[in-house]
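As a plain string of letters, each chain reads:
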Amino acid sequence: MIKSMTGFGLSRSIDKESEVCVEIKGVNHKFLDISLKPNDLNNDLEEYIRNLVSKNIIRGRVDIRVKLNAESKISYSINSDLLKKFEKSLRKDLSLSDNLQFRDIKDVPGIFKSEVTQKINYSLIRKVFNVAMNEFISSRNEEGIKIKKVLSKKLKQIESVALKINKSNIKNSKKRAKLFKNKIMQITTSLDESRIEQEVAILALKHDVSEEIDRISFHTDSLRKELDKKICSGKKIDFILQELFREANTLSVKLEDPHLKDQALDIKLLIEEMREQAQNVE
């Protein structure tokens, strides 16, 4: 089964104390690259998220955004020891006799502190992330199905064009044989046997494309088998397409008929289009 590296997952949940939203986006990448923001999440939660992604995703860039709105609580505290030292210093150095007021200490560093805290529901974050992750995986699978349809369609077109080229080339070989026979008749007037053998060898090497057609057929069969596998590899698909393109290029060079040469170029174009699609396969 083909899985695309492109995908999207979104989940949101609200309870009495907090609101959690998790967004996951995926694009193509040579390896697995996980980006998690904010990066100051609880260590256990971050490890949980990264482990779950690694178990389900082989490669691709995965951007995860966790948005959290939780109820805030403000707490206040006074450093009594520091306050006593401060008061003692004032009385000693400035001969202060009156009692200190809040306005006297509120701006003194370290004496008066206010702290804002949020009650974070990590269990809820895990739950919301799981839902977003399932949606993300599902969207990658759906994109993979679309890619497979495109690749399969172009694969059939390549096979069809290759078959036409092969049939036309066989017909043309008969015409070439007739022309070659006339050429031999001219050469044999001088009874130069070595020259005849040389011409035969050159003609055979120049126009025989049976090997290229066979290899194209082999690569298309290999590609179809890979597309039908339960776990499909994007790297292997790209490798097969590289080899297929190489054979198609050799085929276009060896063909002399302009119409057949154009068909070989069509095969190359189809392969390039398939390689663009294959860039998104996991």
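Structure's up top.
Residues numbered from 1 in each chain as written. Predicted model: local features only at pLDDT ≥ 70, side-chain atom pairs only at ≥ 80, totals over all residues. Heavy atoms only, no water.

Student: Quick rundown of the pairing of strand β4 (residues 60-70)? Include the residues and the values.
Tutor: Here strand β2 (residues 18-27) runs beside β4; their pairing, made up of 10 bridges, is antiparallel. Each bridged residue has a counterpart across the sheet, and for Val20 the counterpart in β4 is Leu68. With 6 bridges connecting them, strand β3 (residues 32-37) and β4 associate as parallel partners. Across the sheet, Leu36 pairs through a bridge with Ile64, a residue of β4. For the crossover that starts at β3, traverses helix α1 (residues 43-56) and ends in the parallel β4, the hand is left-handed. (Pairing = 2+ DSSP bridges. Helix = DSSP H or I, 4+ residues; strand = E, 2+ residues; numbered from the N terminus. Right-handed = clockwise from strand over helix to strand, strands pointing away.)

Student: An account of the nonpolar core is requested, with residue identities and associated values reported.
Tutor: With 29 residues, the main nonpolar core has Ile165 and Ile237 as its most contacted residues. Mapped by element, the contributors of at least two residues to this core are α4 (122-187), α6 (210-227), α7 (234-254) and α8 (258-278). Those residues in contact with Ile165 that lie beyond four places of it in its chain are Ile213, Leu251, Leu255, Leu260, Gln263, Ala264 and Ile267. In terms of nonpolar packing, the next biggest core, distinct from the first, is built from 21 residues, Val22, Leu45, Ala132 and Ile137 among them. (Core = buried A, V, L, I, M, F, W, Y, C linked by side-chain atoms within 4.5 Å. Buried < 20%, exposed > 50% of the residue type's maximum accessible area, 1.4 Å probe, protein only. Contact = heavy atoms within 4.5 Å.)

Student: Explain the layout of surface pockets to me, using residue names and the numbers behind them.
Tutor: If you add up the space inside the largest pocket, you get close to 190 Å³. Ranked by residues supplied to the lining of the largest pocket, first place goes to α7 with 3 residues. Taken together, the residues that form the lining of the largest pocket break down as 2 nonpolar, 4 polar and 4 charged. (1 Å grid on protein atoms, 1.4 Å probe; cavity = no way out; pocket = protein on both sides within 12 Å on 5 of 7 lines; lining within 4 Å. Points joined across faces, edges and corners; volume = space filled by probe spheres on them. Nonpolar A, V, L, I, M, F, W, Y, C, P; charged D, E, K, R; others polar.)

Student: Quick one: what's the story with α1, residue by residue and with numbers?
Tutor: Helix length check: α1, at 14 residues, gives a terminal C-alpha distance of 20 Å against a target of 20 Å (1.5 Å per residue), a fit within 8%. Burial in α1 covers these residues: Leu45, Glu46, Ile49 and Val53. Down the axis of α1, the smallest arc covering the buried residues is 100°, so these residues share one side. Residues of α1 that are exposed and point more than 90 degrees away from the buried face comprise Asn43, Asp44 and Lys55. Where α1 begins, one side-chain oxygen reaches toward the backbone nitrogen of Asp44, 2.8 Å away; that side chain belongs to Asn42. (Expected span 1.5 Å × (residues − 1). Arc of directions from axis to C-beta. Polar contact = N/O pair within 3.5 Å; in protein donor to acceptor, adjacent residues only side chain to side chain.)

Student: So what about the packing of α6 against α7? Which residues, and what values?
Tutor: Two elements in contact, α6 and α7, have axes whose closest approach is 9 Å; the angle formed by their N-to-C orientations is 160°. With respect to α7, the axis of α6 lies roughly antiparallel. Like other packed secondary-structure pairs, α6 and α7 cross with a definite hand, here left-handed. Contacts between α6 and α7 pair Glu212, Ile213, Arg215, Ile216, His219, Thr220, Ser222, Leu223, Glu226 and Leu227 from the former with Lys236, Ile237, Ile240, Leu241, Glu243, Leu244, Glu247, Ala248, Thr250, Leu251 and Lys254 from the latter. By residue class, the composition of the contact of α6 with α7 is 10 nonpolar, 4 polar and 7 charged. (Axes fitted to C-alpha atoms, helices over the stretch in contact; angles between N-to-C directions. Parallel < 35°, antiparallel > 145°, perpendicular 65-115°, else oblique. Left-handed = near helix turned anticlockwise from the far one by under 90°.)

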